[in-house]
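Remarks on the overall topology
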Amino acid sequence: MDAKKLSELKQFIEQCKANPSILSDPSLSFFRDYLESVGCKLPQSAYKSGDHKPAYEVDDSDEDDMDEV
């Protein structure tokens, strides 16, 4: 790999470490997808609201029903 490109990549990775919200840019969705495909867990700030699809959702509508029991 070209030394200049490698240096730019290292700089980008350092920026991502310092500010994961950089990854919320829609143009970087391919990179988020790659990171997740190799098992990376990204912080919520790496997603715009509505972008992230959680693996599961908690349905707390039944919590009120438990008070009655």
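Residues numbered from 1 in each chain as written. Predicted model: local features only at pLDDT ≥ 70, side-chain atom pairs only at ≥ 80, totals over all residues. Heavy atoms only, no water.

1. Observations concerning the confidence of the model for the protein
Applied cut-off: Residue-level confidence of the predictor is summarised by pLDDT, bounded by 0 at the bottom and 100 at the top. In this description a helix means any DSSP run of H or I spanning at least four residues, a strand means any run of E spanning at least two, and both kinds are numbered starting from the N terminus.
Here the protein averages 80 in pLDDT, while 70% of its residues score no lower than 70. For the protein, per-element mean pLDDT is lowest for helix H3 (residues 63–68), which scores 52, and highest for helix H1 (residues 3–18), which scores 95.

2. Quick notes on the environment of Ile-22
Filter applied, for reference: Buried means the residue's accessible area, taken with a 1.4 Å probe over protein chains only, is under 20% of the maximum for its type, while exposed means over 50%, and partly exposed covers the values in between.
Tracing the backbone shows Ile-22 in the loop between H1 and helix H2 (29–37). Look at Ile-22 and you get partly exposed, because its relative accessible area is 27%. Each C-alpha atom, one on Ile-22 and one on Ser-45, is 8.4 Å from the other, the two residues being 23 residues apart in sequence.

3. Quick word on the pattern of salt bridges
Quick note on the threshold: Salt bridges are defined by distance alone: a side-chain nitrogen of Lys or Arg within 4 Å of a carboxyl oxygen of Asp or Glu.
A complete count under the given rule lists 2 salt bridges for this structure. In this structure, Glu-8 engages Lys-4 in a salt bridge whose closest nitrogen and oxygen atoms are separated by 3.9 Å. Of this pair, Glu-8 and Lys-4 are both found in helix H1, 4 residues apart, which corresponds to roughly one turn of the helix. You can call Lys-4 exposed: its relative accessible area is 59%. Put simply, Lys-17 and Glu-14 hold a salt bridge, and the shortest N to O gap is 3.6 Å. Highlighted residues: Lys-17 and Glu-14, both in helix H1, separated by 3 residues, approximately one helical turn. Residue classification places Lys-17 among the exposed positions, given a relative accessible area of 60%. Taking the relative accessible area as the measure of exposure, Glu-14 reaches 47% and is therefore partly exposed.

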